[in-house]
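# Coordinate inspection notes
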Amino acid sequence: MPRRAADLLVDCLSAHGVDRVFCVPGESYLAVLDALHDSNAIETIVCRHESGAGFMAVGDAKVTAKPGVAFVSRGPGATNASIAVHVAEQDAVPLVLFIGQVPRSEIGRKSFQEMDYGKTFADMAKGVYVIQDAARVPEMVARAFVEAQAPTPGPVVVVLPEDMLEDSTDSPAVEPAPVPNAGPASPADIEDIAARIAKAERPLLMAGGIGLGTPRGRKALVAASEAHHLPVVLTFKRQDYFPNTHPNYAGHLGFKIPKPAVTRYLEADLIIAAGTRLTEATTQGYTLPASPVPAQPLIHIHDDPRWIGRNYAASKVLLADPIAVLEALARMPGKAHPKRAAWIKKLNEPVTSAMKWSAPADGLLDMGAVVAPLVERADKDAIFVTDAGNFSGWLHRYFPFSGEHVLVGCVGGAMGIGMPAAVAAALRYPGRQVIHFLGDGGALMTGSELATAVQYGAKVKTFISNNGSYGTIRMHQEIAYKKRVHGTELRNPDFAKWAESFGAKGLSISSIEEAPGVVAQALAHDGPVVVDVKTSLEHISPFTTIASL
Ligand SMILES: Cc1ncc(C[n+]2csc(CCOP(=O)(O)OP(=O)(O)O)c2C)c(N)n1
């Protein structure tokens, strides 16, 4: 029976397992909203800004490892959502963004809010597809979902001319198309890698990318590390992939980690990079390993040919599923070089000893005072969400991610992802703690999605580091232009009252002594909470103070 393209689109989404979409409404896709009105399979979460809707879809994808879906309107809606498209590309997150468009007869006339999305998103999206013909809705949806997921996951934009959505078609909804997988490596390659590891005195396994964060990926990582006595260092914002309490844990490659740590990693006589794309964010600015020719042999295992041989001349490359490779390695345990135990200890000890927080001698409040009680009180499967900024450094430094904890950060460093991603995570896992670290800068970028948290009952616990500054930039300013502070100071609202005005619980912490009690109170509250943590700007990062800069 012929039916409306918008209804077919909604059926196709539910055939693809979509049970939730995030949106800001627009007149350009009214027919889809109308179709969603009757859908029992798909819940619509209406957001306050398209960056929030896009970031929620990204956050949902990060905690489910399935494509996140957002709907936004043309021109203004699409440009607001573009930050999430960029992040999805930078973070390798499967995102399908649907954008309304002017009617087909008006395309190319610079009509009201019209945009050429192919041009706009060319540098961000893996693909931009305009559905001109209602009969092709199923085909285009299937294609968007495959492309968003493989080989490296990323954003796909699907453009919906508003009159096309009202057309009728006989086309049936389609089941998802199989997602290609690079598959395992050959036994000869696995043997070769195992032999190279066995010969190495100081090998280092660098793990990253989105796939290794899945339960299967984490298990494979631990198994391969244990089978081959491999120390594991995790790339930027992937710190949760490997138990931080494991003796083989070698640390996390955050931005601005202390130089001695980088020097230690560079002593490696073999680097195996698994799942990671080896770009600026993952390699300490192309220094770990050195680009283009590393000082030590590099084995790069990745499932996307576009990322193999890019930026680095590896001595061995494997176009294969990194999880399958780690699993195969785990099945072939190796004997460690006699000097290996000392090497593992050398990497693990400084990280482990730096993980213990103690109150700073100057008595000033920083986010360490919040992390310390969380080490005691966070559930073993708690989800941590961080916005972009230095405040997240205390969590990275002092919180021992167990391997079961989930960390939702932003490799692409976009401020504003925190609140929406936390809302999406809390909606997806209502029974789990969602603990969210935010700066006073990011708080007022997308913090209005606290309204979405209240509207849908997302019990996010947000801790705002309120240091009255775009602190990270202030730090760079102090380094580059000593004492010439400009454009980084902030005058903030009372965040506790601000939260209360949304219908959330507002709390505050003004001293180190208050922190444990307020953290406990926040976690115990059965609803969204915002804690205004009045941090000292002097503690500009977990490694340095303004005075020492
Ligand atoms: C959307 C966006 N705009 C600007 C930046 C540049 N930037 C990086 S960190 C930062 C400051 C963050 O300030 P805040 O949230 O207060 O946290 P703090 O650094 O003080 O801990 C800025 C402006 C960014 N990363 N993302």
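Quick look at the structure, then. Because the structure is predicted, anything quoted here is derived from the model rather than measured. Here the residue numbering is sequential within each chain, running from 1 through the sequence in written order. Per-residue local features of the predicted model are confined to residues with pLDDT of at least 70, and side-chain atom pairs are confined, for both listing and counting, to 80 or more; whole-chain, interface and lining totals are unaffected and use all residues. Side-chain measures were taken over the full set of non-hydrogen atoms in the model, leaving aside hydrogen atoms and water.

On to the packing of aromatic side chains, then. Geometrically, a pair of aromatic rings is defined through the distance of the ring centres and the angle of the planes. Note on aromatic pairs: the rings of Phe, Tyr and Trp (six-membered ring only in Trp) are paired at centre separations within 6.5 Å, and the planes decide the class, stacked below 30 degrees, edge-to-face beyond 60, tilted for the rest. Going through the model one piece at a time under the given rule, you end up with 10 aromatic pairs. Where Tyr-117 meets Phe-121, the ring centres are 6.5 Å apart and the plane angle is 20 degrees; that geometry is what we call stacked. The residues Tyr-117 and Phe-121 share a single accessibility class, namely buried. Arranged with centres 5.1 Å apart and planes meeting at 70 degrees, the rings of Phe-399 and Phe-401 form a pair that is edge-to-face. Here Phe-399 matches Phe-401 in class, with each residue buried. Following the ring pairs from residue to residue traces out a cluster consisting of Tyr-29, Phe-71 and Phe-98. A cation over a ring is seen here: Arg-310 above Trp-307, with NZ or CZ 4.2 Å from the ring centre. Buried means the residue's accessible area, taken with a 1.4 Å probe over protein chains only, is under 20% of the maximum for its type, while exposed means over 50%, and partly exposed covers the values in between. By definition here, charges over rings are those cases where NZ of Lys or CZ of Arg is within 6 Å of the ring centre and within 35 degrees of the ring normal.

Sheet strands pair via backbone hydrogen bonds, and the direction of the pair is either parallel or antiparallel. By this definition, two strands are paired if DSSP reports at least two bridges between them. Runs of H or I in DSSP of at least four residues are treated as helices and runs of E of at least two as strands, each being numbered from the N terminus. The six strands are arranged S3-S2-S4-S5-S7-S6 in an open sheet whose pairing can be described as parallel. The strands lining the two open edges of the sheet, one partner per strand, are strand S3 (43-46) and strand S6 (127-130). When strand polarity is set aside, the average angle formed by the axes of neighbouring strands in this sheet is 25 degrees. Of the pairings in the sheet, the one linking strand S5 (residues 95-101) to strand S7 (residues 155-161) comprises seven bridges and is parallel in character. The partner of Phe-98 across the bridge, within S7, is Val-158. Between N-to-C directions, angles cover 0 to 180 degrees, with each direction set by a line fitted to C-alpha atoms, over the stretch in contact for helices.

The subject of this paragraph is helix H10 (residues 322-330). With seven of nine residues buried, H10 is to be regarded as a mostly interior element. Restricting attention to buried positions, one finds in H10 the residues Pro-322, Ile-323, Ala-324, Val-325, Leu-326, Ala-328 and Leu-329. As used in this structure description, the phrase polar contact means that two N or O atoms lie within 3.5 Å; if the pair is within protein, one of them must be able to donate a hydrogen and the other to accept it, and residues adjacent in sequence are counted only when both atoms belong to side chains. Where H10 starts, the residue carrying a side-chain oxygen 3.0 Å from the main-chain nitrogen of Ile-323 turns out to be Asp-321.

A few words on the pairing of strand S14 (residues 316-319). On a regular strand, one side chain projects to one face of the sheet and the next to the other, so that they alternate. Of the two faces of S14, only the one carrying Lys-316 and Leu-318 is buried; Val-317 and Leu-319 on the other face are not. As paired elements, strand S13 (residues 298-302) and S14 share four bridges and run parallel to each other. Directly across from His-300, in S14, lies its bridge partner Val-317.

Moving on, we come to the pattern of salt bridges. One speaks of a salt bridge when a side-chain nitrogen belonging to Lys or Arg is within 4 Å of a carboxyl oxygen belonging to Asp or Glu. Tallying each qualifying case throughout the model produces 24 salt bridges. Linking Glu-349 and Lys-345 is a salt bridge whose minimum nitrogen-to-oxygen distance equals 3.9 Å. With Glu-349 and Lys-345 both in helix H11 (residues 340-354), this residue pair falls four residues apart, about one helical turn. The exposed category is assigned to Lys-345, whose relative accessible area is 51%.

By the criterion of burial, strand S4 (residues 68-72) is predominantly enclosed, with five of the five residues buried. Of the two faces of S4, the one holding Gly-68, Ala-70 and Val-72 and the one holding Val-69 and Phe-71 are both buried throughout. Note: strand S2 (residues 20-23) against S4, two bridges, orientation parallel. Among the inter-strand pairings, Phe-22 is bridged to a residue of S4, identified as Ala-70. Inspection of the sheet shows S4 paired to S5 by five bridges, in the parallel sense. Pairing of Val-72 across the sheet is with Ile-99, part of S5. By the criterion used throughout, a crossover qualifies as right-handed when its path from the first strand across the helix to the second strand runs clockwise, the strands pointing away from the viewer. In this fold, the crossover linking S4 to S5 by way of helix H4 (residues 75-91) has right-handed handedness.

Taken by themselves, the reported measurements are silent on function.
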